[in-house]
Every structure is written in C-alpha cells, then in structure tokens.
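Tertiary structure, described
In case you want the letters, here they are:
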Amino acid sequence: MVYTPDFLRRLYADMLLIRRFEERAAQLRLAGHIPGFLHPSIGQEAVAVGACAALEPQDYITSTHRGHGHILARGADPGRMYAELFARREGYNRGKGGSLHIASAALGIMGANGIVGGGIPIAVGLALALTVRARLAGTGAPTAGVAVAFFGDGASNQGVFHESLNLAALWRLPVVFICENNLYGEFTPQHRHQPIRDIAGRAVAYAMPGVVADGNDVLDVFRVVGKAVTDARQGRGPTLVECKTYRLRGHYEGDMGHYRPPDEVAAWQARDPVVTFRERLLAEAGFTTADLEEVERAVEARLEAGVRFALQAPRPAADEALEDVYVETHDGSALA
Ligand SMILES: Cc1ncc(C[n+]2csc(CCOP(=O)(O)OP(=O)(O)O)c2C)c(N)n1
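A few points on the structure. Remember, it's a predicted structure, so these values are computed and weren't measured experimentally. (Residues numbered from 1 in each chain as written. Predicted model: local features only at pLDDT ≥ 70, side-chain atom pairs only at ≥ 80, totals over all residues. Heavy atoms only, no water.)

Turning our attention to the site of the ligand. Residues in close proximity to the ligand total 15 residues, the closest being His65, Arg66, Gly114, Gly154 and Tyr184. Gly154 has a polar backbone atom sitting 2.7 Å from an oxygen atom of the ligand. Tyr184 has a polar backbone atom sitting 2.9 Å from an oxygen atom of the ligand. Protein chains shield 72% of the accessible area of the ligand, which is 580 Å² for the free molecule. Its residues assigned to classes, the shell around the ligand comprises 4 nonpolar, 8 polar and 3 charged. (Near = heavy atom within 4 Å. Polar contact = N/O pair within 3.5 Å; in protein donor to acceptor, adjacent residues only side chain to side chain. Areas by Shrake-Rupley, 256 points an atom, 1.4 Å probe, with all protein chains shown as cover. Nonpolar A, V, L, I, M, F, W, Y, C, P; charged D, E, K, R; others polar.)

Once that is clear, we can look at the packing of aromatic side chains. The description of an aromatic ring pair uses the distance of the two centres, along with the angle that the planes make with each other. Counting across every chain of the model gives 12 aromatic pairs. Ring centres of Phe7 and Phe222 lie 5.0 Å apart, and the angle between their planes is 55 degrees; this geometry places the pair in the tilted category. Note that Phe7 is positioned in helix α1 (residues 5–30) and Phe222 in helix α8 (residues 218–233), a separation of 215 residues in sequence. When sorted by exposure, Phe7 lands in the same class as Phe222, which is buried. An aromatic cluster of three or more residues is present, and its members are Phe37, Tyr184, Phe187, Tyr246, Tyr252, Tyr259 and Trp268. Its end group placed over the ring of Tyr92, Arg80 keeps NZ or CZ at 4.2 Å from the ring centre. Lying across the ring of Tyr184, Arg260 places its NZ or CZ 5.3 Å from the centre. (Phe/Tyr/Trp six-rings, centres within 6.5 Å; stacked < 30°, edge-to-face > 60°. Helix = DSSP H or I, 4+ residues; strand = E, 2+ residues; numbered from the N terminus. Buried < 20%, exposed > 50% of the residue type's maximum accessible area, 1.4 Å probe, protein only. Lys NZ or Arg CZ within 6 Å of the ring centre and 35° of its normal.)

A few words on the pairing of strand β2 (residues 147–152). Along any regular strand, the residues point their side chains to alternate faces of the sheet. For β2, the buried fraction is high: 5 of the 6 residues fall into the buried class. Bridge count for strand β1 (residues 60–62) against β2 is 3 bridges, and the pairing is parallel. Residue Ile61 lies in a different strand from β2, and its bridge partner there is Val148. Note that β2 and strand β3 (residues 175–181) share 6 bridges and pair parallel. Looking at the pairing, Ala149 lines up with Phe177 of β3. For the crossover that starts at β2, traverses helix α6 (residues 159–170) and ends in the parallel β3, the hand is right-handed. (Pairing = 2+ DSSP bridges. Right-handed = clockwise from strand over helix to strand, strands pointing away.)

Turning our attention to the nonpolar core. Core analysis: the biggest nonpolar cluster contains 65 residues, and Tyr82, Val176, Ile178 and Phe277 have the highest contact counts within it. Sorting elements by how many residues they give to this core places α1 first, with 12 residues. Those residues in contact with Phe277 that sit more than four places away from it in its chain are Leu8, Leu11, Tyr12, Met15, Val218 and Leu219. In this structure, Ala127, Ala149, Ala155 and Ala203 belong to the second largest nonpolar core, which totals 24 residues. (Core = buried A, V, L, I, M, F, W, Y, C linked by side-chain atoms within 4.5 Å. Contact = heavy atoms within 4.5 Å.)

The values reported here are purely geometric and, on their own, carry no functional implication.
Pasting the structure below:
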C-alpha cells in the first residue's frame, strides 16, 4: 500500500503530539497543577494513532485509564484536555472527569474509564445502537458506523470482556476490540496472570477473527485495524485485534518500575514507535529533517498554547459538583 506524504505526516504529528502531551503532563503534575493519578501511554502511541486513522467521524471509541492517546488521536484539543486534567471548567467534562474520565460525544469519544474493562460493553452497546440507527434510517446499510473498544491485557481477564465478545459475535455487531498488550497489568507481567501469549487467540472461543498487529508500528496497526473496521462496517461482525506493545513509563506517573528487567525496557526503548517512525520517514518516504522539524515545532506550539489556555481557565464552583451527574426530569426533579 502506498501512503500519501500528508497522511504519513499526520501520523507522525499525532504520535508526537501524544508523546509530548504526556511528557508535559508529567511535569505539570509535579508542579502541582494536576490532582490525582496520571497513567501515561508513552510507548503505545502507534496503537492509538494507527487505529483512529482507520475511523470516520460517525464512529465511536471507548477508552481506559490510559486514554490520553486515544482521545488526542480522535481529534481532541490538547488545551481542553489539559483543562480537564487541571480540573478546570473549560475541560471536556467541566473539570469533573479528570485524566481518567474524559468523554466527548461530539468527537465520538464515549468515555475513558477507570474501571478496568468498563469500556468494552459500552462499545458493544454503541455498536448495537449503530445497527438500530441504520435500520431506522432505512438506507439498507448494515450499520451507521463502527464502535472501537481500547483495553489492556489485564482487562482481557475480566468476565465482561468474555460476555461482550460473546454477544457481539452472536449478533454480528460492528465493533472492533483492540487489546493493547503492553505486557503488564499494573505491576504483574503477562505470564504471571495469563497462561497464554497471544490474547488474539481468545477470539476463537467466540468464532470471530483474532489478529495480531505490531503495536509499535503505526502502519501495521492501521492496516490490521483498517481491515477489521471495513469488515465491521460491511456487516461482517466483530474482530479482536491484539497490538503487541510496551509502556515505556511506569503504571502511573511516579511508579519507578522496579519490577521490570532493565534489558527488557532497553529492548523496547530501541523500538520506540515515535523515533522509529521518524527514522523510516527520513530513510524510506522522502522526508527531510527540515520537514520533520517543522512538524515538531507545530506540535510544540499547539501544546504551549494548550497549557496557557488551561492555566487561565476558571475552576468550577463547588455548587456545580452535582450538575451533569443526574438527568433532569420534565418537572426539574433529579432522577436517581
Ligand atoms: C475493575 C477494576 N479492577 C481493578 C482495578 C485496579 N487497576 C487499575 S489499572 C489495573 C491494571 C490494568 O491492566 P491492563 O488492563 O493491562 O491495562 P494497562 O494498565 O496495562 O494499560 C488495575 C488492576 C480497576 N481500576 N478496576
């Protein structure tokens, strides 16, 4: 497959945006601007960017506690994301979601989720809604869009993962399950919590395709997820995609990662998805250093403006705490 320079540039810019966004967020947290935990996805940028590049505006995603990358790859504004991390009113969820719970219906981001596995059944529900919507529209298309659930290797041990795959396969729903196997669930290596290597193999139990992608290669992720998305869009049902990758930082910002062998970390650092893609663009795609420096300056400028915007944004008032938590009924009383 031949990709246009614009497309390749966009993939690089999006991966770099995620990398620098999170590096900056870690500094801002140390400086006291971010309450609560941060779970960086540094090292996993190729999964978010490759997968979201295969989606269209009408599609939906659900995300996890490690969700900044998915949300940025879906087109979120870094300023509004920083505002959310800083608990400011201009954030995507008026400062009440924080790092772990960013949602934007306008961007098709139906929630990052602090509950491990929590986004998987939501994506199945979205996929069902998309098929119902297509039927009501009467266009004859099998679906009005595709839903994608991002989750980790640890989440694939949750009961809800199995229930969701079962129902999605049974009803041939337009959903793509993307497992980011970064080899650890919190501080536990994969071989200590699963008797398998390839999580994609779990698809067999639900009679759906299970495919492995190189999660550190943005073009491989795009290719594999692209096929799964096309299948879902054309009514052929769900796919389980496993992206083999690695988180280069701790489970949360501040975790020093002493449970990991240094040679393992070094081996994956040598396969850094942002650095290796940059090298490929220079060696194989005709980009010059000056081209990429221009992209890098634009990313820095966007983030700089985003931080300034968020630092100036107002904080919510205490009495706003329960707004948007309960649905108002016709007479204004709250539904529990
Ligand atoms: C239902 C539930 N159980 C346990 C936790 C605590 N917890 C937070 S992150 C995590 C590990 C998740 O691992 P994985 O799904 O592989 O995602 P990763 O952190 O590797 O991105 C756990 C157990 C939780 N948040 N929710």
